[in-house]
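Chain and residue survey
For reference, the chains in residue letters:
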Amino acid sequence: MFLLCYGRSEGAVKTGETLIGKIGGRWIEGADFFASRLPLPATERDAVIVMILPLEASIEILCGNFSPTLSGFPVICVSPDGLFAAVIRRGDGSTLADCDEAYDLICSTLGQRCFRSFGSNADIAPDLTTAIDSYGMTPNDKDKLKAYLSMIKSGEKISIYTDLPIVFAEPSIDSMIFNVNRYSRETKESFIQSYISLTGSSSKAIFITCTKLPDCPGNPPLVLVPKLVSVGLELTGRCDPEYAAILVLATLENHGIDAKSVSTIAVSQSARESDAVHKVAEIFGASVTAFSTKVLQEVKVPLKMTFAPVREQTDFATAACYQTSESGRILIRRSAEKSGLAISACLKRGNILLTE
């Protein structure tokens, strides 16, 4: 932990020296530091900015010509007499600093007389129910979901692990309730390993994902699966309905996609009344969306098929789900074609608004 302290009065200097002496850090020499675009040295990557000023003065600096270079760092205000401390900017998680840990350490150093709060997190706690309903999220444990929603309402902090693009309506406020751990497609294995490692632990964690997570014995974390995946089907031959449903389920599993994330079965107009299509939709509890041949032929799919370029203009399976997903991310490109059924899948475009 490294504190970057700024203050002007004799009391501020005394309070700052106490914090630097016990926690570590240095003084900010002048106010021009806050407008500087020069990056901090590597040794200060875990820095927390501590403004030892009246609260209104700290807010004025933060709302002024504050450098984007410093925007990722937590900012904590401490009154010059050391009797008040408040987090006024939590940072964006891009630094090594943990805002809550730094705040607790500063308050502990200042002593029991330090006033910390005007209320509890329960006063700002968001409600996830709307998001869960809006995105059709399926929980792996309904009782645990109910308990976690109660915890959130009471202001308890919850960790969220996700490989989906989630956003908050009020990031600076909602980050006081949620500690978000984001994973990209390239870190999928790390995401799954985090789920495995948290199984059986007492950590309050929610995984929001369309990824098929392993079955872990014991007490796995809460998982919420939003319905964001569109499956495109194209009939390439005769296909038994029961076999078609099994084939689609197996294909999704082989590609690491949770079947509960499927919201729509997308097909050409000619395939809409197929028994196989209806059976697949029934198994997934999904709706069926059909497009005319003309519409599908005009869809510009971003990925080219290297294994069957002659069929590039007739890839109705991918075109249908790509259209339904609003030009989202392609997860499967024309699988299992030789079985009489071509299968594609797309993840719906856009962010998940988790809070309102």
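Residues numbered from 1 in each chain as written. Predicted model: local features only at pLDDT ≥ 70, side-chain atom pairs only at ≥ 80, totals over all residues. Heavy atoms only, no water.

Re the overall build of the chain
Counting its secondary structure elements, the chain contains 11 helices and 17 strands. Considering only C-alpha atoms, the chain reaches an extent of 85 × 45 × 30 Å along its principal axes. Considering only residue pairs separated by 6 or more positions, the chain has 62% of its internal contacts joining residues 24 or more positions apart. Total accessible area computed for the chain in this model is approximately 18000 Å², and 51% of it derives from carbon and sulfur atoms. Distance between charge centres in the chain, computed from 35 positive and 40 negative side chains, equals 4 Å. (Helix = DSSP H or I, 4+ residues; strand = E, 2+ residues; numbered from the N terminus. Contact = heavy atoms within 4.5 Å. Areas by Shrake-Rupley, 256 points an atom, 1.4 Å probe, with all protein chains shown as cover. Lys, Arg positive; Asp, Glu negative; His and termini not counted. Charge placed at Lys NZ, Arg CZ, Asp CG, Glu CD.)

So, the nonpolar core
Judged by nonpolar contacts, the single largest core of 47 residues is most densely connected at V231, L233, V248, L252, I265 and L354. Take this core: its biggest share by element is five residues, from helix α9 (residues 275-284). Dropping the residues within four chain positions of it, V231 is found in contact with V248, L252, V262, T264, I265, A266, C321, I343, S344 and A345. With 20 residues, the next largest nonpolar core counts A12, V50, Y103 and C114 among its residues. (Core = buried A, V, L, I, M, F, W, Y, C linked by side-chain atoms within 4.5 Å. Buried < 20%, exposed > 50% of the residue type's maximum accessible area, 1.4 Å probe, protein only.)

Section: the sheet that holds strand β15 (residues 329-335)
Taken in spatial order, the five strands make up an open sheet running β14-β13-β12-β16-β15, and their pairing is mixed. With partners counted over all chains shown, the strands left at the sheet margins are β14 (287-291) and β15, one partner each. Put simply, the sheet's adjacent strands are angled 20° from each other on average, direction ignored. The strands touched by helix α8 (residues 241-254) are β12 (229-235), β13 (262-268), β15 and β16 (341-347); relative to β16, the strand with the most contacts, the crossing angle is about 45°. Packed on one face of the sheet, α9 meets β12, β13 and β14 and runs near 170° to β13. (Pairing = 2+ DSSP bridges. Axes fitted to C-alpha atoms, helices over the stretch in contact; angles between N-to-C directions.)

Some thoughts on the environment of P214
Summarising the element assignment, P214 is placed in the loop between β10 (205-208) and β11 (222-225). Remark: the alpha-carbon pair of P214 and A259, spanning 45 residues in sequence, is separated by 13 Å.

Considerations on the sheet that holds strand β1 (residues 2-7)
Pairing between the strands of a sheet comes from backbone hydrogen bonds, and it takes one of two forms, parallel or antiparallel. Sheet architecture is open: five strands sit in the order β2-β1-β3-β4-β5, paired in mixed fashion. With one partner strand each, in any of the chains shown, β2 (25-27) and β5 (85-89) form the two edges of the open sheet. Along the sheet, successive strands turn relative to each other by an average axial angle of 25°, direction set aside. Bridge count between strand β4 (residues 75-78) and β5: four bridges; the pairing is antiparallel. Each bridged residue has a counterpart across the sheet, and for V78 the counterpart in β5 is A85. The strands touched by helix α1 (residues 10-23) are β1, β2, β3 (47-52) and β4; relative to β2, the strand with the most contacts, the crossing angle is about 155°. Against the sheet, helix α3 (residues 99-110) makes contact with β1, β3, β4 and β5, and its axis sits at roughly 155° relative to β5, the strand it touches most.

Here we look at the environment of S197
Note that S197 resides in helix α7 (residues 188-198). Of the polar contacts made by the side chain of S197, one reaches the backbone oxygen of S194; its length is 2.9 Å. (Polar contact = N/O pair within 3.5 Å; in protein donor to acceptor, adjacent residues only side chain to side chain.)

Regarding the packing of aromatic side chains
In the structure shown here, the tally under the stated rule is 10 aromatic pairs. Seen in terms of ring centroids, Y195 and F207 are 5.3 Å apart; in terms of plane orientation they differ by 85°. Their pairing is edge-to-face. A residue pair is termed long-range when its members are at least 10 positions apart, and Y195 in helix α7 and F207 in strand β10 qualify at 12 residues. With relative accessibility at 0%, the residue F207 sits in the buried group. (Phe/Tyr/Trp six-rings, centres within 6.5 Å; stacked < 30°, edge-to-face > 60°.)

A look at the pattern of salt bridges
Scanning the entire structure with this criterion turns up 13 salt bridges. Salt-bridge contacts for K157 lead to D100; the nearest nitrogen and oxygen are separated by 2.6 Å. Here K157, found in the loop between α5 (142-153) and β7 (158-162), pairs with D100, found in helix α3; they are 57 residues apart in sequence, far enough to count as distant. For E242, the salt bridge goes to K279, with nearest N and O atoms at 3.3 Å. Here E242 is found in helix α8, whereas its partner K279 is found in helix α9, with 37 residues between them in sequence. You can call E242 partly exposed: its relative accessible area is 44%. By relative accessible area, which is 17% here, K279 ends up buried. (Salt bridge = Lys/Arg side-chain N within 4 Å of Asp/Glu carboxyl O.)

A closer look at the packing of α8 against α9
Direction vectors running N to C along α8 and α9 enclose 50°, while the axes themselves pass 8 Å from each other. Of the possible angle classes, the one that applies to α8 and α9 is oblique. The crossing of α8 and α9 is right-handed. Across from P241, E242, A244, A245, V248, L249 and L252 in α8, the residues of α9 making contact are D275, A276, K279, V280, I283 and F284. Among the residues making up the contact of α8 with α9, the classes are represented as 10 nonpolar, no polar and three charged. (Parallel < 35°, antiparallel > 145°, perpendicular 65-115°, else oblique. Left-handed = near helix turned anticlockwise from the far one by under 90°. Nonpolar A, V, L, I, M, F, W, Y, C, P; charged D, E, K, R; others polar.)

Re the confidence of the model for the chain
Looking at the chain as a whole, its pLDDT mean stands at 91, while 97% of the residues score no less than 70. Model confidence for the chain, summarised as mean pLDDT per element, is weakest for helix α6 (residues 171-174) at 80 and strongest for β11 at 98. (pLDDT = per-residue confidence, 0-100.)

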